Structure formats: structure tokens, C-alpha cells
Amino acid sequence: VNAAAKGIDGGQDVDTIDNLGNIYLSVDSVATGVAVSLDIAGTIQGNAEGSSVSDASVTAVSTTIGIEGGDGNDTIISDGAVISMATDASATAVSVGLAVSGSMEGNVVGEALSDGSATADALATGIDGGTGQDIIDNWSFIYGDVDASAKTVAVGLDAAISIDEGGDVSGGALSDASVTAEAAASGIDGGDDSDEIDNRGDIEFLANSDVTGVAVSLGIAGSMKGDAKGVSVSDSSATATSMAIGIEGGTGDDSIDNEGMITLMNGAGDDKIDASATAVSVDLTVSGSMEGDVTGKALSDSSALAEAKAVGIDGGEGLDTINNRGEIVGFVDAGAKAVGAGVDISITGDGNTSGAALSDASVTANAAAIGIDGGGDKDIIDNRGDGDIGLYSTSEATGVAVSVTLAGSIKGDAEGTALSDSSTSANASATGIDGGSDMDVITNRNHVTADVGSTVTGVSVSVPITITEEGSVVGSAVSDASVAASASAKGIDGGDGDDTIVNTGSITLMEGND
């Protein structure tokens, strides 16, 4: 599902756009997918094979642009009271796949696949110069509320059973509930080539991305005589990305003058985490045989990534000159949670048994705020007048992973391996003025405040259980619950190259992490 709205579109060639009116845009795209698949195969003598595929994957995209110059060297003047954009994209997917196969004599093969992946993208730009050498003069208040949310639920179940005489059984269940959401907002974008941007209007943007993925996969394979093999995989990996930029020059040698107040991710009613990702994955495999070999494997992936970033003024690549006289405020927060459980049970009366369970609940949350970013190449940045910069960045990450393997044999060898990964990382950073690479000249005469904090929690449990009456037993367990929290605050960062920095303003930095 795609939904788009443009207030004024200059199109190709050289355009002159003079806007004296108000522009209000509202776009909402909603995509919903539900799929259920059922397959049952049974035979008294012979082979039984069943497969089930359930596809409910969905994508929702919403785009709003207040004024677009398009290709060519354009002149854009906006003197209307407001350019307002409400941009929402929502995707929901529910998928269930079930396969049951049974045979009294012979072989049994079963496989169930459920795909409930979902993607939601919401994009908003107040004024977009496009390609070409553009002149942008804005006096309007530019406001945008951008939301992208995606939810998935996927269930995969496979049961394969053989009763008599040397029949082999294999069953596999795959459940995909991977989910992605991106919310991106830009007040003024010069685009490619060398641009002149003069902004006197206030810019305010909210950008929120929220994802939730739940995946459950169950595989059962049983045989009275013969071999039994079961594989179960569930994927509920979640990625949420939020980006808000007040003014960006893009590529080329740009000149940016700003006297408006830029507020990012801190408007009225902003009670949401800017980027939030939650993933839950449960995987269970049961394999059993009275006579023969048993192999089982369970994998649950509930890794979560949440990234939120706000930049007041971004010069981009090229030799840029940035003069800021307006206040810049940014509040950025990112939160990620993941729960993963993998359980494998393999049992044989007479034969060899091996089982493996893997649970991945690794979590990363990144939050970054930059007041003025010169970008690549040589830049001149001058911050004075009313140009106080206040940045606040927080990140929180929680990961829980449980992996259990049970391998048992009355006669024969038993081997079990369990691996659980709940490595958790939370990173928060804030930089008042960043010169970027190359030789920069930075002058600051105002107050710069940067407050950052990060919190991490990681729990990982891995248990292998191996049992045999006659034979050898091998068991191994690996549990990774490593946690890392970083909080970095900088007032002025020259970056690479030989820089000249003159500061007569005050700088206040606060850092904290758990």
C-alpha cells in the first residue's frame, strides 16, 4: 500500500515558486495481511508428504512533501503561515501455517512455513529543492508528525508421525515474523548540488517508529521404527528507525542561514519512544523414535534494533557555510526489547540422539542527537545570537534468551548443545556542534547543553540435558549475556583534520548509564 501527497510540485526544469498560502497534508496508509494454510496427508501403507505455506507479508508506505522543486535550478519562496504534515504508515501481518502428515508403514515428510513479515515507512519533507542549484527562502512554520508502526504474528506448526517398520520421519516448521518500521522527517532539504537556504520560520518535527514481532514455531517428528528428524525455526527480528532533520544542505557546496527555532522529537503530546522495537520468538522441536536415530534442532531469532537520530542543521557533503542564529532543541530516545526461547527434545529407545537449541535475543538501542553537523569536507560554522543548543539523548535495551536441550537414549549415544545469546547494547550520544571530516572553522558564542543516558539489561540461560543408559553422553552449553552501555556527550567536536575552534559560550555536559 502506497499513499503520497504533495502541496506544490514544480516538476522538471527551472522553476520559481512563491507560496503565500497555508499547506495542510495528511496521509495514512494501512496494510493488513492475514493468511492461514492447512495441509494434512495420511496413508496406511506407503509414503506421506505434506507442506503448508502461509504468506501474509505486507508493506505500507506514506510520503508527504509540502513544496517540491524537482529537477533544475529552482527558486522557492514560502511566506505562508504554516506547512503542516501528518504522515502515518501502519502494517499488520498475521500468518498461520499447519502441516500434519502420518503413515502406518513408509516414510513421512512434513513442512510448514508461515510468513508474516511487515514493513512500514513514513516519510515527510517540508520543502524539497531536489537536484540542481536551488535558492530556498522560507518564512513559514514547518510542522510534521511522522509515525510508522508495524506488527507481526506468525505461527508455524508441523507434525509428522510414522508407526511401523523402518519408516523415516522428518518435519520442519518455519515461522517468519520479521518486522521493520522507518520514520523520517526533514524540514528543508536542499538536495543535490550547491544550494542557498535562508530560513526564518520555526521548524518542529516528531518522528516515531514502533515495531512488534511475535513468532512461534513448533515441530514434532515421531517414529516407532526408523529415524526421526525435526527442525523448527522462528524469526521475529525487529528493526525500528527514526530520523528527524531540521535543515539539510545535501551534497554540494551549500550556504545555510537559520534564524528560526528548530525543535525535534519534543513537541506537544510526544509521549512515545522515538524508536521502539519489541521481538518475541518461541521455538519448540520434539523428535522421538523407539528404534533408530533422532536429530532435532530449534532456532529462535528475536533480535531487536532501535535507532533514533535528530540533527538540527546538517550541511552534508561539500564545502558548506552554516550561520545559525536560532535555538535548536532535540529530545531523542530509543528502546529495544527482545525475548527468545528455544527448546529441543530428542528421545530414542535404541539408537543415537543429538539435539541443538539456539536462542538469539540480542538487542541494540542507539540514540543520537546533533545540533549542527558540518558533514564531510571543509566547513565554516558560526553559531551566535539566539542560537542556544539543548540536546537530550537516552537509550534503553533489554534482552532475555532461554535455550534448553534434552537428548536421551536408552541404548546408544546422546549429544546435546544449547546456545543462548542475549547480548545487549545501549548507546546514547549528543554533540552540540560537529565539524565532521576535513579542516573546519567553528565559532560558538552561545550556550550548549548535552544530556545523555543509557540503560541495559541482559538475561541469558542455556541448559543442555543428556541422558543415556548405555553409551556415551556429550553436552555443551554456551550462554552470552554480555551487556554494554555507552553515553557520550560533547559540546564541540572538530572531527578529523586541522580545525580552528573559537568558543566564548558556555558548555554543560551530563552523562549517565546503567
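Everything that follows concerns the structure shown earlier in this document.
Residues numbered from 1 in each chain as written. Predicted model: local features only at pLDDT ≥ 70, side-chain atom pairs only at ≥ 80, totals over all residues. Heavy atoms only, no water.

A. Broad picture of the sheet that holds strand β9 (residues 118-128). Here nine strands make up an open sheet; going across it, the order is β1-β5-β9-β13-β17-β22-β26-β30-β34 and the pairing parallel. Strands at the two margins of the open sheet, each flanked by one partner only, are β1 (2-9) and β34 (483-493). The sheet shows a mean angle of 0 degrees between the axes of neighbouring strands, direction not considered. Bridge count for strand β5 (residues 58-68) against β9 is 10 bridges, and the pairing is parallel. Bridge assignment links T59 to a residue of β9, and that residue is T119. (Pairing = 2+ DSSP bridges. Helix = DSSP H or I, 4+ residues; strand = E, 2+ residues; numbered from the N terminus. Axes fitted to C-alpha atoms, helices over the stretch in contact; angles between N-to-C directions.)

B. Inspection of the pairing of strand β14 (residues 196-199) at higher detail. The alternating pattern of β14 places I197 and N199 on a buried face and E196 and D198 on a face that is not buried. The pairing of strand β10 (residues 135-138) with β14 spans four bridges and is classified as parallel. Within β14, the position partnered with I136 by the bridge is I197. Where β14 lies against strand β18 (residues 255-258), four bridges are found, and the strand directions are parallel. (Buried < 20%, exposed > 50% of the residue type's maximum accessible area, 1.4 Å probe, protein only.)

C. The arrangement of empty space enclosed by the protein in detail. According to the stated counting rule, one finds one cavity of 30 Å³ or more in the structure shown. The computed volume of the largest cavity comes to approximately 30 Å³. L264, A310, V311, G312, I328, V329, G330, A369, I370 and L391 together form the lining of the largest cavity. For the lining of the largest cavity, the secondary structure elements donating two or more residues are β22 (304-314), β24 (328-350) and β26 (363-373). Of the residues that constitute the lining of the largest cavity, the class distribution is eight nonpolar, two polar and no charged. (1 Å grid on protein atoms, 1.4 Å probe; cavity = no way out; pocket = protein on both sides within 12 Å on 5 of 7 lines; lining within 4 Å. Points joined across faces, edges and corners; volume = space filled by probe spheres on them. Nonpolar A, V, L, I, M, F, W, Y, C, P; charged D, E, K, R; others polar.)

D. Spatial organisation of the pattern of salt bridges. Counting across every chain of the model gives seven salt bridges. Note that R384 and D382 form a salt bridge whose closest N and O atoms lie 2.9 Å from each other. The exposure class assigned to R384 is partly exposed, which follows from its relative accessible area of 29%. What makes D382 buried here is its relative accessible area of 13%. (Salt bridge = Lys/Arg side-chain N within 4 Å of Asp/Glu carboxyl O.)

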